[in-house]
Amino acid sequence: MTNYDRKSTPPHRTALLSGSQLWLQRLIRVWIAAAIFQFLLLGLNSAGIAKADTLNGHTVVLDSDNQIIPWTPKPADGYGKVIANAWDYFLNRIPNDPATGEPAYFSQSYLSPDTQQVANWPHNPAGLYAMLIESALKYYAYSGDMTVVQKVEELATHHLDNGMTPSTWLWDDVPYASGDAGSLLYQGASYGDDSGSGDGRYYLEPDKIGELGYGWLLLYKFSGNPRYLDAAIHSADVLATKVRTGNSSQSPWPFRVHAQTGQIREDYCAHVVSPIELFDELIRLKLGNTADYQNARQSVWTWMMTYPMQNNVWANYFEDVPIQTDLGNINQLNPMMLARYLMEHPENDPNWETHVRGLIAWVEENFAAPQYGANAIKEQNAFPHVMGSHTSRYASINAMLYARTGDVAAKEKAYRAFNWATYMARSNGIVIDGPTVNNQWFTDGYGDYIRHFMTGLHAIPEWAPAGETHITGSSSVVKSVSYSPAGVGYVTADAASTEVLRVAFMPSSVLVDGQLLSQRTDLAQPGWTFDPATGVMRVRHDNGTSVKINAANSDGLSGGGDTYEDGASESSVWTLTSVPQDSIHADASSVELGVKFKSDVNGFVTGIRFYKGGNANNGTHIGNLWTSDGNLIATAIFSSETASGWQQARFSTPVAISANTVYVASYYAPNGHYAADTGYFAENGTDNAPLHMLRDGENGGNGVYSYGPSAFPTKTWRSSNYWVDVTFSKSLALPSGSNAPATSTGINIDQVVSKDGQGTVVTPLFSTSEPNALLLAFVASDGPAVTGGQTATVSGAGLNWTLVRRTNTEAGTSEVWSAYANTGLSNVSVQSVQSNEEYDQSLTVVSLSGAGGVGASVGASSPSGAPSVYLTTTKTNAWVFGVGNDWDNAIDRTLGTAQTMMHQWVDTGADDTFWVQRSLTRIAEANTTVTINAPAPTADRWNLTAVEVVPR
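Caption draft 1: View of the overall build of the protein. Counting its regular elements, the protein contains 17 helices and 47 strands. For 952 residues, the compact-globule estimate of 2.2 N^0.38 gives 30 Å, and the C-alpha radius of gyration of the protein, at 30 Å, lies within 12% of that figure. In the protein, which comprises 952 residues, the share counted as buried stands at 59%. Across the protein, contacts joining residues at least 24 apart in sequence account for 73% of those joining residues at least 6 apart. Surface accessibility of the protein: about 34,000 Å² in total, with carbon and sulfur atoms responsible for 49%. Counting 56 positive and 89 negative side-chain charges, the protein places the averaged centre of each group 4 Å from the other.

Here you go:
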């Protein structure tokens, strides 16, 4: 493209420059369109409700007071709907930039929403990626969808690899704010060499260093990736060394400056809150040069409170605006982001409420355009158009003010503004900037749109969809989260934080690091509150990161060793007569093959099915059930296979799954020759309600695989169906096929055998005293010093063994496996085979009579501290067992109260300890929290798994 072609591309934001006739013509066209729109809008509103009113193709929906409500089919679910649709589009349907072959957000700032063609306008990666990081981390906590975080990690890493200044320059190793359209390399946009739009080559924006630096710091808190921390600290270091004394026309850092020479292109930018946030968090975490950060922060804070807070010169933020000759290009982003900061950190400003209300009033005076009872918010003086992202920002600030003060007028402003902003989102997930502009910016439609809805739901959680369970916000970063019918489990980056949820269940208890948290009427102290009228729950914890919220009357999650009622309610997607076209693929490689699926209703997965084309697909097949982000939930080994056709393996404990949540079912084919039909999921999924195999693109590609050892399958190939299925039911009853009587005198230990050794270990021969026994195999093993580096597989005694729980976040593994013996066993043995052989391991097998199955199970790992887990029983007269490994030292365990050791190997050869323990007695009452722990030693790395055995 020639330079002339580039300059004839219609700009998104601009200001009038002397002699710039192209800019003038473009602005006149936009202003005329805007004037027509506003004229029609005012006329329609003055006449009352007009059925023909539309915004972005949506018919405007008004309530009985002629006030706007969301356009969505269920208006009460509108906010959650537009957020989910936007993420779905962003993850799955963004077109590639023809110039790069990569998704357009790597190299373009916006698209045409109607043609999906790239705009070829300067890119703004630093601000965009920072906004997307915030949106993704908040949405992950809300949804549990890890793909959003994986995407922003990809973008953040790309900027580190392709968008940093040289290390020898004055502004060294910091991110550029802009890049040329169609380029994967960011170094300022050459489009702005003369005008300043996109900064110009080698020019950067210091405020974006703070903005993306803070985003990198949030990602570090989520993942622990030291590269993000290093980038955040260096960004803060550079900003601290470059801060200067500000005045009414000069901010603490310039708006645009040459990275190599320090030549200043524009002197003033009122957006300083992002660098302040970066400094604050590093100081709080005691990371980096905190004394320098404190000095710089104080200087910047003083300037902000002295000048823009007093004179309202909130000028300059947007990267593509040309160089301004004065400070007249004020915008609403700068004051609104400061207002948010003040409400998140009121301890930093004793006059925060006065300041926040003043900032809101100033934005309303200068940028609000009333429409249908909502204040739609314009962007900036140089581009005075109402837009969805800015309106949602304004809405979120008012929602926060209501949450802080109870101001119902602020709540009403927030509600109407959010409602208006939903109209910028089309039902297909395309989000435009505003009705008078109609462009699809990745900032205005995604990064800077989603995050404000998430902030609003944090402030007013009852606006999240009813009948669903979500973490709507946290004062920390949520590192992991799991939703199920039995409750919510999550881990925060900070030991002291407060979470807000809207839940679809009645909570019965909350545990933090296994310790019960008290229910309270307020959160003046650590505890939790619940409002049954709204389903809103708040959890404050001051000394722990792992939170488990248990739902009342939720036996489903714990499983209890049950299968489905009479076997009649069990269902799958494919029937026994369903046959692949290619049932024996030529590929002979070891491979994990899977399918993404979901259910319309809560229920239970009892096992895995796969189609076997013939004896070429041989070897030991293993069925696995995973969450969509790769957490292994259950495992079963296939036995008694037929030569061909559908094969099925059952889990010893049915797995509770949540409605409308994506899971992955897979099986491991050690010798390949699997069934594979390409193109199967390209256009359509496969449904047998309530189960649905997803169409390609609904949640990434479907038909997933992974070569090598058994592992979570993530790769796709031409929408292939590998013919994997599940067995599913909505309810549970007594175990089928176990011949278990309906009553019992209680659980009793029949036999205990153990074997310690290196590599594969085999127990001594043993026999059981009676039929219908439950067998548990406890495996504690050494392994490589990496997360997930060791696993075990248990087999033997002619039984079908199923993994109950594996805990291997720290080195080694601690696992529980189970099997039923319908008949008595005589002179049998059980073995454990490691995935990484030649490490030491200990295997203990316990035979139990009177057991109805496995109930709840928990696992925990830590690099230090006393090994401990906390399990809440699901049935009366249950028994709790635990297995652990200490990777660092061979030291005798000291057990907690009311527990006894069943087996221990103090392995001085490998300097490890392996042990099996249990509660001293059966636990009389259900919903009792049982501690399985070893108070000493406390300095070693450990894994610990506990399991409940329930009576018949």
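Caption draft 2: View of the packing of helix 8 (residues 226-242) against helix 9 (residues 273-285). Running from amino to carboxyl end, helix 8 crosses helix 9 at an angle of 115°, the nearest separation of the two axes being 10 Å. The two elements helix 8 and helix 9 cross, and the hand of that crossing is left-handed. Within the contact between the two elements, helix 8 uses Leu 229, Ala 232, Ile 233, Ser 235, Ala 236, Leu 239 and Ala 240 and helix 9 uses Pro 275, Leu 278, Phe 279 and Leu 282. Considered class by class, the residues forming the contact of helix 8 with helix 9 number 10 nonpolar, one polar and no charged.

Caption draft 3: Expanded view of helix 4 (residues 125-143). Under the 1.5 Å per step criterion, the end-to-end length of helix 4 is 25 Å for 19 residues, consistent within 8% with the ideal 27 Å. In terms of burial, helix 4 is a largely internal element, 17 of the 19 residues being buried. In the segment just after helix 4, Gly 144 is the residue with positive phi, at about 80°.

Caption draft 4: Local environment of the side chain of Asp 207. Counting through the fold element by element, Asp 207 comes out in helix 7 (residues 206-223). Here the side chain of Asp 207 touches Lys 208 through a polar contact of 2.8 Å, side chain to side chain.

Caption draft 5: Structural context of the pattern of salt bridges. Throughout the structure, instances matching the rule amount to 35 salt bridges. Taking the shortest distance from any N to any O, the salt bridge between Arg 227 and Asp 161 comes out at 2.6 Å. Pair noted here: Arg 227 is in helix 8 and Asp 161 is in helix 5 (residues 147-162), with a separation of 66 residues, a long-range link. What makes Asp 161 partly exposed here is its relative accessible area of 48%. Linking Asp 267 and Arg 244 is a salt bridge whose minimum nitrogen-to-oxygen distance equals 2.7 Å. Taken together, the residues Asp 267 in the loop between strand 8 (264-266) and helix 9 and Arg 244 in the loop between helix 8 and strand 7 (256-258) connect sequence positions 23 residues apart.

Caption draft 6: The side chain of Arg 297, seen in detail. Tracing the backbone shows Arg 297 in helix 10 (residues 290-306). Here Asp 280 takes part through its side chain, which lies 2.5 Å from a polar atom of the side chain of Arg 297.

Caption draft 7: Here's a closer look at the sheet that holds strand 8. Taken together, the three strands give an open sheet; going across it, the order is 6-7-8, and neighbouring strands pair in antiparallel fashion. Looking at strand neighbours, the two that pair on one side only are strand 6 (203-204) and strand 8, the edges of this open sheet. Sheet analysis places strand 7 next to strand 8, joined by two bridges and oriented antiparallel. Bridged to Val 257 within strand 8 is Ile 264.

Caption draft 8: Inspection of helix 5 at higher detail. The end-to-end C-alpha separation of helix 5 is 22 Å, in line with the 22 Å expected for 16 residues at 1.5 Å each. Listed in full, the buried residues belonging to helix 5 are Val 148, Val 149, Lys 151, Val 152, Leu 155, Ala 156, His 158, His 159 and Leu 160. If you follow the buried residues of helix 5, they end up packed against helix 3 (78-92), helix 4, helix 7 and helix 8.

Reading the values: rules and limits
- Every chain begins its residue count from 1, and numbering advances along the sequence as written.
- Owing to the predicted nature of the model, reporting of local features is limited to residues with pLDDT of at least 70; listing and counting of side-chain atom pairs is limited to 80 or more, with chain, interface and lining totals taken over all residues.
- The side-chain quantities take in all heavy atoms of the structure and omit both hydrogens and water.
- The secondary structure listing takes helices from DSSP runs of H or I that are at least 4 residues long and strands from runs of E that are at least 2 residues long, numbered from the N terminus.
- C-alpha atoms define the radius of gyration in this analysis, and the globule rule sets the expected value at 2.2 Å times the number of residues to the power 0.38.
- With a 1.4 Å probe rolled over the protein chains alone, any residue whose accessible area is under 20% of its type maximum counts as buried; one over 50% counts as exposed, and the rest are partly exposed.
- Only heavy atoms matter for contacts: two residues are in contact if any of them lie within 4.5 Å across the pair.
- Method for areas: the Shrake-Rupley scheme with a 1.4 Å probe, in which residue coverage is limited to the protein chains shown.
- When charges are tallied, Lys and Arg are placed among the positive residues and Asp and Glu among the negative ones, while His and the ends of the chain are skipped.
- A charged residue contributes its charge at one atom only: NZ of Lys, CZ of Arg, CG of Asp or CD of Glu.
- Note on definitions: angles span 0 to 180 degrees between N-to-C directions of axes, and those axes are lines fitted to C-alpha atoms, for helices only across the stretch in contact.
- Put simply, a crossing is left-handed when the front helix is turned counterclockwise from the back one by less than a right angle, and right-handed when it is turned clockwise.
- Three classes are used: nonpolar for Ala, Val, Leu, Ile, Met, Phe, Trp, Tyr, Cys and Pro, charged for Asp, Glu, Lys and Arg, and polar for all others, with Gly counted as polar.
- Given the number of residues in a helix, its expected span is that number minus one, multiplied by 1.5 Å.
- Pairs of N or O atoms are called polar contacts if they sit within 3.5 Å, as long as, within protein, a hydrogen donor faces a hydrogen acceptor (for residues adjacent in sequence, only side-chain-to-side-chain pairs).
- The salt bridge criterion pairs a side-chain nitrogen of Lys or Arg with a carboxyl oxygen of Asp or Glu, the two atoms within 4 Å.
- A pair of strands is considered paired only if DSSP assigns at least 2 bridges between the two.

Limitation: the analysis is restricted to geometry and does not speak to function.
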